[in-house]
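What follows is each chain in one-letter form.
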Amino acid sequence: MPAVAAPREAVIELSKVSTRFGAHVVHTDVTLEVRRQEIFAVIGGSGSGKSTLLREMILLQRPNAGDIKVLGVDLADITDEAALALRQRWGVMFQHGGLFGALTVLENVGLPLREHTALGDALIDDIATWKIAMAGLKPEVAAQYPSELSGGMMKRASLARALALDPELLFLDEPTAGLDPESAAGVDELVLRLRDQFGLTVVMITHDLDLLWQVTDRVAVLGEGTVQGIGSMAELAQLDRPAIRPFFDGPRARGASPRSTGPTGETSSKPK
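Here's what I pulled together on the structure shown here. (Residues numbered from 1 in each chain as written. Predicted model: local features only at pLDDT ≥ 70, side-chain atom pairs only at ≥ 80, totals over all residues. Heavy atoms only, no water.)

### Some words on the nonpolar core
What tends to happen in soluble globular proteins is that the nonpolar side chains get buried as a cluster. In terms of nonpolar packing, the biggest core is built from 32 residues, with Leu159, Leu170, Leu172, Val202, Met204 and Phe248 touching the most fellow members. Elements with a contribution of two residues or more to this core: strand E3 (39–44), helix H5 (151–162), strand E7 (169–173), helix H6 (181–198), strand E8 (201–205), helix H7 (209–215), strand E9 (218–223) and helix H8 (233–236). Of all hydrophobic cores here, the second largest spans 30 residues; its members include Val17, Leu32, Ala83 and Trp90. (Core = buried A, V, L, I, M, F, W, Y, C linked by side-chain atoms within 4.5 Å. Buried < 20%, exposed > 50% of the residue type's maximum accessible area, 1.4 Å probe, protein only. Helix = DSSP H or I, 4+ residues; strand = E, 2+ residues; numbered from the N terminus.)

Here it is in structure tokens:
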């Protein structure tokens, strides 16, 4: 019999995470894990708590209850020194770029290296130039300011900065939001290439159905304050749950999927 592959280690572990803002309950007992070198997405309707969960993973917010471990480190009561060391092991691409408007793209990408390494300016510029190219931007973009960039270029510049410290883990917040289809498709391909070439683990928040079908290994669906389902898009398509069906029903959802699959298991070819 062929050997069964051992499951990959968990890079992120959430156990019974609960979050509330005053009387408003955002999460109740959210439990999930992200495995090494997988592309994992968190999806859900408006107000389902996707962004809150992301902020909790990257130490921008603490849950009211439950445990979160990232790269083997328990985030509960983490010291400032340990938090700084942990943050240098991941990169974050924020939804609206998060670039400093007074700095060029080259300076923005090089900033984490200047803050967290003792490298010289010339070497930092060389590394930043390489990261900019890695993100699919032309060399001349390095001298431009964020205000001079298109939406797609802004996303890629933000991604280049997220890659500056050679992270093990990459967080992407709505990486294709607001992009035209061609630019969005380019981001899809880039995410896959980065994972495959550098062994990155990728966690993303997204509403992009094409991105979900084309690049993710597993997806967690949030709804009614908890996880409604976790699995591949094909597996989730089989579940008949109100929080999940909007991602698979309707013309837009069916157009994005390779094969449209309903809760009964019936399939039909994607229209050409």
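### Topic: the pattern of salt bridges
As enumerated under the stated definition, the model contains eleven salt bridges in all. Glutamate 38 is paired through a salt bridge with arginine 218; the nearest N and O atoms lie 2.8 Å apart. Of this pair, glutamate 38 sits in the loop between strand E2 (24–35) and E3 while arginine 218 sits in strand E9; the two residues are 180 residues apart in sequence, bridging distant segments of the chain. You'll find glutamate 38 and arginine 218 in the same group, each marked buried. One salt bridge connects aspartate 125 with arginine 114, and the closest N-O pair in it is separated by 3.2 Å. Placement of the pair is aspartate 125 in helix H4 (residues 121–134) and arginine 114 in helix H3 (residues 105–116), with a sequence separation of eleven residues. Overall, aspartate 125 belongs to the partly exposed group, its relative accessible area being 28%. Residue classification places arginine 114 among the partly exposed positions, given a relative accessible area of 36%. (Salt bridge = Lys/Arg side-chain N within 4 Å of Asp/Glu carboxyl O.)

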